[in-house]
Amino acid sequence: MSLQRLRTDFSFAVLVLTGTCLVVAVVPFALYRAMVGPVAVAMLDSAIIAVVLGAIVRVWRGGAVEPAARLVSVALGAGVLGTVALVGPLAAPWLYPYVLAVFLLTGRRWAIALSAITLAALLLMPGAYESAVQAAVHTTTGALSAAFAYVFAQRAGLQHAHLHRLATHDALTGALNRRSLGQELERAIDAARSDAGTASLIVLDLDRFKHINDTHGHEAGDRVLIEFAHAVRDVTRRTDRFFRLGGEEFLLVLPGADATALARLCEALRDATRTRLEVGGEPVTVSIGAAVLQPDETAREWLVRADRAMYRAKRAGRDRAVIDQPAPATG
Ligand SMILES: Nc1nc2c(ncn2[C@@H]2O[C@H](COP(=O)(O)OP(=O)(O)OP(=O)(O)O)[C@@H](O)[C@H]2O)c(=O)[nH]1
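Conventions we followed
Residues numbered from 1 in each chain as written. Predicted model: local features only at pLDDT ≥ 70, side-chain atom pairs only at ≥ 80, totals over all residues. Heavy atoms only, no water. UniProt positions renumbered as here; feature names shortened; annotations may be inferred. Helix = DSSP H or I, 4+ residues; strand = E, 2+ residues; numbered from the N terminus. Polar contact = N/O pair within 3.5 Å; in protein donor to acceptor, adjacent residues only side chain to side chain. Near = heavy atom within 4 Å. Areas by Shrake-Rupley, 256 points an atom, 1.4 Å probe, with all protein chains shown as cover. Nonpolar A, V, L, I, M, F, W, Y, C, P; charged D, E, K, R; others polar. 1 Å grid on protein atoms, 1.4 Å probe; cavity = no way out; pocket = protein on both sides within 12 Å on 5 of 7 lines; lining within 4 Å. Points joined across faces, edges and corners; volume = space filled by probe spheres on them. Axes fitted to C-alpha atoms, helices over the stretch in contact; angles between N-to-C directions. Parallel < 35°, antiparallel > 145°, perpendicular 65-115°, else oblique. Contact = heavy atoms within 4.5 Å. Pairing = 2+ DSSP bridges.

The protein carries the name diguanylate cyclase in an unreviewed UniProt entry, which gives Cognatilysobacter bugurensis as its organism. Here the protein is described in UniProt, under the heading Catalytic activity (unreviewed entry), as follows: "2 GTP = 3',3'-c-di-GMP + 2 diphosphate". Per UniProt, the comment on the protein under Cofactor (unreviewed entry) is "Mg(2+)".

K.L.:
Explain the UniProt feature "domain: GGDEF" (unreviewed entry) in the protein here, please?
P.N.:
As recorded in UniProt, the feature "domain: GGDEF" (unreviewed entry) lies at residues 197–326. Within the segment residues 197–326, helix and strand shares are 47% and 27% respectively, and the terminal C-alpha atoms sit 18 Å apart.

K.L.:
Explanation requested: the environment of Thr-275 in the structure shown.
P.N.:
Mapped onto the elements of the fold, Thr-275 is located in helix 11 (residues 259–276). Each C-alpha atom, one on Thr-275 and one on Ala-231, is 9.9 Å from the other, the two residues being 44 residues apart in sequence. Polar contacts involving the side chain of Thr-275 include one to the main-chain carbonyl oxygen of Asp-271, which spans 2.7 Å.

K.L.:
Would you take a moment to explain the site of the ligand for this structure?
P.N.:
Close contacts around the ligand come from 16 residues, with Arg-208, Phe-209, Lys-210, Asp-222 and Arg-244 the closest. Between Arg-208 and the ligand, the recorded distance is 2.8 Å, taken from a backbone N or O atom to an oxygen atom. With respect to the ligand, the backbone of Lys-210 contributes an N or O atom lying 2.8 Å from an oxygen atom. For the ligand, the protein covers 66% of the area, taking 680 Å² as the surface of the free molecule. Grouping the constituent residues of the shell around the ligand by class yields 3 nonpolar, 4 polar and 9 charged.

K.L.:
Quick question: what am I supposed to make of the layout of surface pockets here?
P.N.:
Gaps left between atoms show up when a probe the size of a water molecule is rolled over them. Counted as a void, the largest pocket has a volume near 570 Å³. Along its surface, the largest pocket is lined by 20 residues, and Phe-10, Phe-103, Leu-104, Leu-105 and Thr-106 are the ones closest to its centre. When contributions to the lining of the largest pocket are tallied by element, the ones reaching two or more residues are helix 2 (10–36), helix 4 (65–87), helix 5 (95–105) and helix 7 (132–168). Per-element accounting of the lining of the largest pocket gives the leading share, 6 residues, to helix 7. Its residues assigned to classes, the lining of the largest pocket comprises 12 nonpolar, 5 polar and 3 charged. Approximately 320 Å³ is the volume attributed to the second largest pocket.

K.L.:
Just to check I follow, could you spell out the packing of helix 4 against helix 5 for this structure?
P.N.:
Helix-helix packing: each pair is described by the crossing angle between the helix axes and the interaxial distance. Running from N to C, helix 4 and helix 5 cross one another at 170°; their axes reach a closest spacing of 10 Å. Of the possible angle classes, the one that applies to helix 4 and helix 5 is roughly antiparallel. Within the contact between the two elements, helix 4 uses Ala-69, Val-72, Ser-73, Leu-76, Gly-77 and Val-80 and helix 5 uses Leu-95, Tyr-98, Ala-101, Val-102 and Leu-105. A per-class count over the contact of helix 4 with helix 5 returns 9 nonpolar, 2 polar and no charged.

K.L.:
Whenever I open this one, the sheet that holds strand 1 (residues 199–206) confuses me. Can you help?
P.N.:
The strand order 2-3-1-6-7 describes an open sheet built from 5 strands, whose pairing is mixed. A strand with exactly one partner marks an edge of an open sheet, and here the two such strands are strand 2 (241–246) and strand 7 (321–323). Within the sheet, the average angular offset between the axes of one strand and its neighbour, ignoring direction, is 20°. As paired elements, strand 1 and strand 3 (residues 249–255) share 7 bridges and run antiparallel to each other. Bridged to Leu-204 within strand 3 is Phe-250. The strands touched by helix 11 within the sheet are strand 1, strand 3, strand 6 (286–292) and strand 7, with strand 6 carrying the most contacts at an inclination of about 170°. Packed on one face of the sheet, helix 12 (residues 299–315) meets strand 1, strand 3, strand 6 and strand 7 and runs near 145° to strand 6.

Following this line, the structure appears as structure tokens:
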């Protein structure tokens, strides 16, 4: 489970790998100081190792990564300052891996703040540097390391967000792809059940889309898909989740929407499609199937009911919405 998380959860992997490197690097120094002294440095090193290992174990067991990473960053900063206070300028170069580690571990604001505090504290600490020139060199190179780490963290953050979007969204319409559908359905079901609320699902399938492609070309078909996605976004709420299931089939997960809201939204979607979308002078239409979540229903059963309702709308002549009415409970 956690090995799988190591592959898929970026910040979890960064905490575990960075923390492991730091522990491997600090252990020999802790042993050396335990044998040669000062013992206070050995104790400080041991405390740092304990905090890092404790944080890794905590997140490995399912804890949140962010607070653990912040705790590690603060502990490492205290470790750098404490070691310099006890050992003197010899320990000042720990500043550099520290600056890199905080940019890897925490958000950019935290990393800037922690780096600045550590640099300033070292500058003000009596005996941290042997001369003003040494202080100037370490402060400048430390600040430069932080600046480069910032640039790297910013680029990596943008690329990560870009890759995440590519993996979770449909490139043509910007709707979510199937990847997170199961998770969103479970989330909507959990929210509905824990707040004694409700949730609804809508399956939307554009009508005679093959005909649009065959008659007006694939590009016209693509344009219709893009405009349809715009129209759907305009009539839905920000909290509604919009998916492209494939081809010309879409799905909406509507947390909190009851039967009345669902009926109103189905009509708004049908109307927006018919009035806003056209190709070759002809209106584009959509067939809609919908279902309000029932007590004890699974995500799969809910989805199947909405899907079947959409096929009923197709069979009834298209350009209409069918809301599934579950059979009344017997007994
Ligand atoms: N332009 C375009 N067409 C696509 C895309 N994905 C799937 N299609 C086309 O969508 C069409 C779907 O056709 P069908 O499943 O027969 O459905 P339909 O013609 O809409 O018929 P009904 O659903 O019964 O009204 C096929 O021609 C696919 O090639 C896409 O990304 N862009």
